[in-house]
Amino acid sequence: MSVSEENAEREPAAHRVSAFLERRREQIAQRWADTALFRTVFTVSRDEAVEAGRAVAAALAAVAAGGRLEDIRASGFEAVRDQLGRMAASRARTGLDLDGVAIEVAALREPAAELLRAEFEDPHSAEAQECVVALTVLMGTLRLVVMETTISAGEELIARQREQLHEVATPVIKLWEGTVAVPLIGTLDSARSQVVMESLLNAIVAERARYAILDITGVPTVDSLVAQHLMKTVAAARLMGAECIVSGIRPAIAQTIVHLGIDLGTVLTRSSLADALAYALSEQGVEIAPLRVAGRATDAGAR
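Each chain carries its own residue numbering, running from 1 in the written order of its sequence. Side-chain atom pairs in this predicted model are given and counted only at pLDDT of 80 or more, local residue features only at pLDDT of at least 70, and totals for whole chains, interfaces and linings cover all residues. Only hydrogens and water are set aside; all other atoms, that is, all heavy atoms of the structure, feed into the side-chain values.

Chemist: Kindly report on the overall build of the chain, identifying the contributing residues and their values.
Modeler: Counting from the N terminus, the helices are DSSP H or I runs at least four residues long and the strands are E runs at least two residues long. A count of helical and extended segments in the chain gives 13 helices and 5 strands. Whether a residue is buried, partly exposed or exposed follows from its accessible area with a 1.4 Å probe, protein chains only, as a fraction of its type maximum: under 20%, in between, or over 50%, in that order. Taken over 303 residues, the chain has a buried fraction of 39%.

This is the structure:
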């Protein structure tokens, strides 16, 4: 039997399942409220669990009415997709893995199937079996929707955490009036370089900085890609009206840059962050003198 023929036979059963879900929505919601998925998510009030169950049952009825039992993109699911995603995420935060969430969603089928069988005088009749099969397919699709939503939400969370980590790992520090610095630690890839550039440019505007220091003391290696990122950041800072100074170029990195044939001739460099700050301050008319220790001065005077 072809897929189209199977769908044609299944369509009347789908419509009967849709009518059943609408008619028995309250009873289904009451039973679902006692299942692990709903009970452990809605811990404050059982009424909230019942209300959520009603919404899911209504969504399933809409999907069944359209005859798209196996389509995770059926419009009926859109009404509860966010809610299902939040429920699954809530279970995941308690330590339940994806397989565990799938099992809890699958457990919703039997309470509804039991009510469906009770609709028929003979629960073993062909008509009853067709409806149970249609409901089983529909509940399987619901499980796929929950899994897809959970995975998507997890990927979005990981992306946000990665972005936040990049921002935390590349702080912009105000060293002096008109002078900011970005101490770079670790590998500098394309994504992080973009965060560095955006953070630095925003700080230049916010602090009205005339000098920006990029300290690469904590960068383990410098290759042509890292050098290009540095050059772009320096150029962008100049466009914003700030002079950019690269500091912390260690001997090994200096040799690597020479061997790679990278031209940093247009970039102002200093060996350390202290030297870069001293340069920026001197350019602003701030003189730095060594601190005289009182005890030594006294000793010298005594002698």
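Chemist: Any chance you could break down the nonpolar core for me, citing the residues and the numbers?
Modeler: If you look at the biggest cluster of nonpolar residues, it comprises 51 residues, and the most contacted ones within it are W32, F38, L60, L138 and L142. The set of elements that each furnish at least two residues to this core consists of helix 1 (3-23), helix 2 (25-32), helix 3 (36-41), helix 4 (46-65), helix 5 (78-93), helix 6 (98-106), helix 7 (109-117) and helix 8 (126-169). Per element, the largest residue contribution to this core is 12 residues, and it comes from helix 8. Among buried residues, those of type Ala, Val, Leu, Ile, Met, Phe, Trp, Tyr and Cys that are joined through side-chain atoms within 4.5 Å constitute a nonpolar core.

Chemist: Describe the pairing of strand 3 (residues 211-218), listing the residues and the values that go with them.
Modeler: Along any regular strand the residues' side chains alternate between the sheet's two faces. With 6 of 8 residues buried, strand 3 lies mostly within the body of the structure. Traced from strand 2 (residues 179-185) through helix 9 (residues 190-207) to strand 3, the parallel crossover comes out right-handed. Following DSSP output, two strands are said to pair if at least two bridges run between them. Sheet topology places strand 3 next to strand 4 (residues 243-247); 5 bridges connect them, and they run parallel. Residue pairing in the sheet places A212 in a bridge with C244 of strand 4. The definition of a right-handed crossover adopted here requires that, viewed with the strands pointing away, the path from the first strand over the helix to the second runs clockwise. Handedness of the crossover is the feature at issue here: the chain leaves strand 3, passes through helix 10 (residues 224-239), returns alongside strand 4, and the resulting connection is right-handed.

Chemist: Pulling in residues and values, what's your account of the pairing of strand 1 (residues 173-176)?
Modeler: As defined by bridge partners, strand 1 adjoins strand 2 across 3 bridges and the pair is classed as antiparallel. Note on strand 2: the bridge partner recorded for I173 is A181. As consecutive antiparallel partners, strand 1 and strand 2 are separated by 2 residues, and within that stretch G178 has a phi angle of approximately 85°, a positive value.

Chemist: Any chance you could break down the packing of helix 4 against helix 5 for me, citing the residues and the numbers?
Modeler: The description of two helices packed together rests on the angle between their axes and the distance between the axes. As a rule, the C-alpha atoms of each element are fitted with a line to give its axis, helices using only the stretch in contact, and angles between N-to-C directions run from 0 to 180 degrees. The contact between helix 4 and helix 5 brings their axes to 9 Å, and the two run at 135°. Classified by the angle their axes make, helix 4 and helix 5 are oblique. Considering the relative orientation of helix 4 and helix 5, their crossing is left-handed. Contact residues: helix 4 offers A52, A55, V56 and A59, while helix 5 offers V80, Q83 and L84. Roughly parallel refers to an angle under 35 degrees, roughly antiparallel to one over 145, roughly perpendicular to one between 65 and 115, and oblique to any angle outside these ranges. We call a crossing left-handed when the near helix sits turned anticlockwise from the far one by less than a right angle, and right-handed when that turn is clockwise. In what follows, a contact means two residues having at least one pair of non-hydrogen atoms within 4.5 Å.

Chemist: How would you explain unusual backbone geometry if you had to name every residue and give the values?
Modeler: For R208, which is not glycine, the phi torsion reads 50° and is therefore positive. Using a relative accessible area of 75% as the deciding quantity, one classes R208 as exposed.

Chemist: Requested: an account of helix 5, with residues and values cited.
Modeler: Given a helix with a known number of residues, its expected span is that number minus one, times 1.5 Å. Compared with an ideal rise of 1.5 Å per residue, which puts 16 residues at 22 Å, helix 5 spans 23 Å between its outermost C-alpha atoms and is within 8% of the ideal. Residues of helix 5 that are buried: V80, R81, Q83, L84, G85, M87, A88, S90 and R91. Once helix 5 finishes, G95 follows within two positions and takes phi at roughly 105°, a positive value.

Chemist: Can you tell me about the confidence of the model for the chain, naming the residues and giving the values?
Modeler: Detailed reading of predicted coordinates is not advised where the pLDDT is low. For the chain, the average pLDDT comes to 83, and 85% of its residues sit at 70 or higher. Counting interchain partners and residues more than four positions distant, the pLDDT-below-50 stretch residues 1-10 has 5 contacts. Scored from 0 to 100, pLDDT records how confident the predictor is in each individual residue. Across residues 297-303, where pLDDT falls below 50, the model places 1 contact with residues more than four positions away in sequence or in other chains.

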